Amino acid sequence: MMHLIASMSAAALIMSAPVTMGLKQVQPSPSVSAPVKTAKPLTAAERSKLLKEAAKGLAGVKTARGKFEQYSPDGAFSTGQFAMSRPGKVRFDYDDPVPLLLVSDGTTVALQDADLETTDRVPLSSTPLSLLLSDKLDFEKEAEVVDVRRTTDATNITVRDKTGEMEGTLTIVLSKADNTLTGWRTEDANGGRTSVLLTSVETGVKLNPRLFILKDFDNR
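1. Examining unusual backbone geometry
A negative phi angle characterises most non-glycine residues, just as the trans form characterises most peptide bonds. P87 follows R86 through a cis peptide bond whose omega is 10°. As for its placement among the helices and strands, P87 is situated in the loop between β3 (76–85) and β4 (89–94). The omega angle of the peptide bond from D96 to P97 is 10°, so this bond is cis rather than trans. In this structure, P97 sits in the loop between β4 and β5 (100–105). Despite not being glycine, N179 shows a phi value in the positive range, around 60°. Considering the arrangement of structural elements, one finds N179 in the loop between β10 (169–175) and β11 (181–187). One non-glycine residue, S200, lies in positive phi territory at about 50°. In this structure, S200 sits in strand β12 (residues 193–203). Taking relative accessible area as the criterion, S200 reaches 54% and is therefore assigned exposed.

Here's what the structure looks like:
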């Protein structure tokens with residue numbers, strides 16, 4: 001269980017530590033992997049407005065599905081499919097050879113390993129997923145906002161756990177055009193960075209509620 005919690009803190013939404021074995025080694029995607037610079041600093045008013053617009057854009061997407069690419073701190077690379085239903089529900093299916101499935105049912109987040117036939121769970125509220133899956137998102141109330149930056153095509157919002165219980169930061173990367181989520185990167189207390197890029201995203205889709213139900217192996 002401690003291994004699961006540590007992985008969640010480091011990888012933010014998708015685990016990195018358990019999936020490095022046997023994966024391809026590649027350079028992280030530049031769209032989510034590195035800190036970004038902005039030529040013109042935001043004023044306090046611009047920053048507050050941007051945070052409200054970003055929160056509204058994120059919370060406005062009730063359902064979505066697509067593909068993801070994950071780049072772990074050691075350079076490992078994995079892919080898979082995701083489905084999201086706000087509030088609180090998400091599913092990440094890793095492609096072979098990674099035997100993992102990550103599901104949030106709105107209350108708990110479960111990580112299932114098909115090879116080991118194990119399922120570990122932690123409260124959704126103890127993970128960064130609770131922020132991104134909220135339907136009443138307010139960055140300034142729900143997290144400590146560390147940085148807000150805009151590039152020519154993206155908005156980057158870096159936040160930290162307000163309670164101090166989880167170390168590290170989470171940077172959310174949004175499309176500048178419509179504030180849709182395009183990916184995120186996390187940095188743990190040791191400087192290890194995990195990046196996730198979302199692709200082929202469809203929003204407003206009808207999803208089977210059973211996607212967000214994960215049974216333990218002995219209860220199947």
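Now, onward.
2. Re the confidence of the model for the protein
The share of residues in the protein with pLDDT of 70 or more is 81%, and the mean pLDDT across the chain is 80. Within the protein, β4 carries the highest mean pLDDT (94), whereas helix α1 (residues 2–11) carries the lowest (34). Scored below 50 in pLDDT, residues 1–28 makes 85 contacts in the model with residues more than four places away or belonging to other chains.

3. Structural notes on the environment of E53
Along the chain, E53 falls in helix α3 (residues 44–59). With a relative accessible area of 37%, E53 lands in the partly exposed category. In sequence terms E53 and N179 are 126 residues apart; their C-alpha atoms lie 7.5 Å from each other.

4. Digging into the environment of A110
For A110, the location among the structural elements is in strand β6 (residues 108–113). Using a relative accessible area of 1% as the deciding quantity, one classes A110 as buried. Separated by 105 residues in sequence, A110 and K215 have C-alpha atoms that sit 9.4 Å apart.

What counts, and where the lines are drawn
Residues numbered from 1 in each chain as written. Predicted model: local features only at pLDDT ≥ 70, side-chain atom pairs only at ≥ 80, totals over all residues. Heavy atoms only, no water. Helix = DSSP H or I, 4+ residues; strand = E, 2+ residues; numbered from the N terminus. Buried < 20%, exposed > 50% of the residue type's maximum accessible area, 1.4 Å probe, protein only. pLDDT = per-residue confidence, 0-100. Contact = heavy atoms within 4.5 Å.

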